[in-house]
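So the chains spell out like this:
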Amino acid sequence: MVDIKWDELGFSYIKTPLRYLSYWKDGSWDDGIMTEDNQLHISEGSPAIHYGQQCFEGLKAYRTNDGTINLFRVEENAKRINQSGRRLMIPHMPEDKFIDAVKKVVAANHEYVPPYGSGGTLYLRPIIIGVGDSIGVAPAQEYIFTVFCMPVGPYFKGGMKPTNFVISDYDRAAPAGTGAVKVGGNYAASLLPGTEAKERLFSDCIYLDPATHTKIEEVGAANFFGITKDNRFITPISPSILPSITKYSLLYLAKERLGMEAIEGDCYLTELDQFSEAGACGTAAVISPIGGIQLEEDFHVFYSEIEVGPVTKRLYDELTGIQFGDIEAPKGWITKVEW
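Residues numbered from 1 in each chain as written. Predicted model: local features only at pLDDT ≥ 70, side-chain atom pairs only at ≥ 80, totals over all residues. Heavy atoms only, no water.

In the nomenclature of an unreviewed UniProt entry, the protein chain corresponds to Branched-chain-amino-acid aminotransferase from the organism Vagococcus fluvialis bH819. According to the UniProt record, the Sequence similarities (unreviewed entry) comment for the protein chain reads "Belongs to the class-IV pyridoxal-phosphate-dependent aminotransferase family." (UniProt positions renumbered as here; feature names shortened; annotations may be inferred.)

This is the structure:
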């Protein structure tokens, strides 16, 4: 067994023994290999470095009570990496190749999947980057696809506790830009706003729609949702929001398991009073309750700055119960990994 204090894990890089590596050249992907080398060796002319031609995914593996390992909706990650790739003219990644790579990485590093009940998971990061000797603004002639992993704890230090956020003056993405795909440039642009928010002792910032600055779009690197006082689940809709797998899972669970009206719609700043609870959601964040939002001189509190709202807690328990194998999953949501 590996020597890790599972209950002390944060969200940080840990080198695990093996990762998957595949190259695209002359019109096709090779068969891929497993390697111990955690360094990528690329040309100084690689378009990923100069022009940001790269995309990535994030997903987790979960240890169940019987010791087996679950992947959650991995097919959706396989689809989404190609949605990102099309926007950046990256070659198609066959979905079965993506899923096989993820399975191989989990199986090869299965001892690093945290024990059931520890609160930890194995986080996987698939990436595709444009490489090769190039310097002009054009798609790369070669690509690298790799998947690596590490055990992680909660993304936000407080875990499943309400934290506060601040409305940002910065835009996360342009109205018709790359906000709806998972590319590094979106996150690089968020570093300064996020740092400024943390310097003011907020967990992160909240971005408004770039066209009118009247509606909530995203919460840092996560999606926003609110629970209305008349028991509706609402999450923002916009062409510049990343289509979060967690968000769409919660929309389904709110409707099918909790009997709520589940809506993708506008979340106007002027209508925050309609929400009795609010939260951020995503693969890394899972569900993080929002205690309050700072908007200029006004501070709006939802359910509580101390306690998690009851509907948010029910959604969290349902989602994580499915992921860890304690609650029956909708058909096709869980993929088992064998080693």
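Regarding a negative patch on the surface
Taken together, the side chains of Asp-169, Glu-196, Glu-199, Glu-296, Glu-297 and Asp-298 present a region of like negative charge at the surface. Checked against the element boundaries, Glu-196 lands in helix H5 (residues 191-199). (Patch = residues over 30% accessible without salt bridge, like charges linked within 9 Å, V, L, I, M, F, W, Y side chains within 5 Å. Areas by Shrake-Rupley, 256 points an atom, 1.4 Å probe, with all protein chains shown as cover. Salt bridge = Lys/Arg side-chain N within 4 Å of Asp/Glu carboxyl O. Lys, Arg positive; Asp, Glu negative; His and termini not counted. Charge placed at Lys NZ, Arg CZ, Asp CG, Glu CD. Helix = DSSP H or I, 4+ residues; strand = E, 2+ residues; numbered from the N terminus.)

Regarding a nonpolar patch on the surface
Residues Leu-40, Ile-42 and Ile-49 make up a contiguous nonpolar surface patch of roughly 240 Å² in combined accessible area. Looking at the secondary structure, you find Ile-42 in the loop between strand S3 (33-35) and helix H1 (47-50).

Examining the environment of Arg-314
Mapped onto the secondary structure, Arg-314 falls in helix H7 (residues 310-323). Among the residues examined, Arg-314 registers a relative accessible area of 46% and is labelled partly exposed. With 56 residues separating them in the primary sequence, Arg-314 and Leu-258 have C-alpha atoms 8.2 Å apart. (Buried < 20%, exposed > 50% of the residue type's maximum accessible area, 1.4 Å probe, protein only.)

Structural notes on the nonpolar core
Formed by 38 residues in total, the largest nonpolar core has its most connected members in Phe-98, Val-102, Val-106, Leu-124, Ile-128 and Phe-145. For this core, the secondary structure elements donating two or more residues are strand S1 (19-25), strand S5 (59-63), strand S6 (69-72), helix H2 (74-87), helix H3 (95-108), strand S7 (121-131) and strand S8 (142-152). In terms of residues, this core owes the most to one element, H3, which gives 7 residues. Beyond its immediate sequence surroundings of up to four residues, Phe-98 is in contact with Glu-57, Val-74, Asn-77, Ala-78, Ile-81, Met-93, Pro-126 and Phe-145. Within the second largest apolar cluster, 20 residues are counted, among which are Leu-251, Leu-258, Val-286 and Leu-315. (Core = buried A, V, L, I, M, F, W, Y, C linked by side-chain atoms within 4.5 Å. Contact = heavy atoms within 4.5 Å.)

Observations concerning the environment of Asp-37
Summarising the element assignment, Asp-37 is placed in the loop between S3 and H1. Each C-alpha atom of the pair Asp-37 and Ser-203 lies 34 Å from the other, and the pair is 166 residues apart in sequence. One polar contact links the side chain of Asp-37 to the main-chain amide nitrogen of Gln-39, over a distance of 3.0 Å. (Polar contact = N/O pair within 3.5 Å; in protein donor to acceptor, adjacent residues only side chain to side chain.)

Observations concerning the pairing of strand S17 (residues 298-301)
Where strand S16 (residues 286-295) lies against S17, 4 bridges are found, and the strand directions are antiparallel. Looking across to S17, one finds that Gln-294 is bridged to Phe-299. Taken together, S16 and the strand that follows it, S17, pair antiparallel across an intervening segment of 2 residues, in which Glu-296 is found at a positive phi of about 55°. (Pairing = 2+ DSSP bridges.)

Some thoughts on empty space enclosed by the protein
Scanning the model with the defined rule gives 3 cavities of 30 Å³ or more in all. Taken as a whole, the largest cavity spans an internal volume of roughly 120 Å³. Looking at the largest cavity, it is lined by 13 residues, and the ones nearest its centre are Tyr-62, Phe-72, Thr-246, Thr-283 and Gln-323. Secondary-structure elements contributing two or more residues to the lining of the largest cavity are S5, helix H6 (245-256) and H7. Broken down by element, the residue count for the lining of the largest cavity peaks at 3 residues, all from S5. Across the lining of the largest cavity, the residue classes break down as 6 nonpolar, 6 polar and 1 charged. Taken domain by domain, the makeup of the lining of the largest cavity includes at least three residues from each of domain 1 (19-152) and domain 2 (163-324). (1 Å grid on protein atoms, 1.4 Å probe; cavity = no way out; pocket = protein on both sides within 12 Å on 5 of 7 lines; lining within 4 Å. Points joined across faces, edges and corners; volume = space filled by probe spheres on them. Nonpolar A, V, L, I, M, F, W, Y, C, P; charged D, E, K, R; others polar. Domains from an automatic or database assignment.)

Side note on the side chain of Ser-84
With respect to the secondary-structure elements, Ser-84 resides in helix H2. With a relative accessible area of 1%, Ser-84 lands in the buried category. Ignoring sequence-local partners within four residues, the contact set of Ser-84 consists of Cys-55, Val-181 and Lys-182.

Re the packing of H2 against H3
The relative placement of two packed helices is expressed as an angle between their axes plus a distance between the axes. Contact geometry for H2 and H3: axes closest at 9 Å, N-to-C directions at 125°. In terms of axis orientation, H2 runs oblique to H3. The crossing of H2 and H3 is right-handed. Residues Val-74, Glu-75, Asn-77, Ala-78, Lys-79, Ile-81 and Asn-82 of H2 lie in contact with H3, whose contacting residues are Glu-95, Phe-98, Ile-99 and Val-102. Partitioned by chemical class, the residues of the contact of H2 with H3 number 6 nonpolar, 2 polar and 3 charged. (Axes fitted to C-alpha atoms, helices over the stretch in contact; angles between N-to-C directions. Parallel < 35°, antiparallel > 145°, perpendicular 65-115°, else oblique. Left-handed = near helix turned anticlockwise from the far one by under 90°.)

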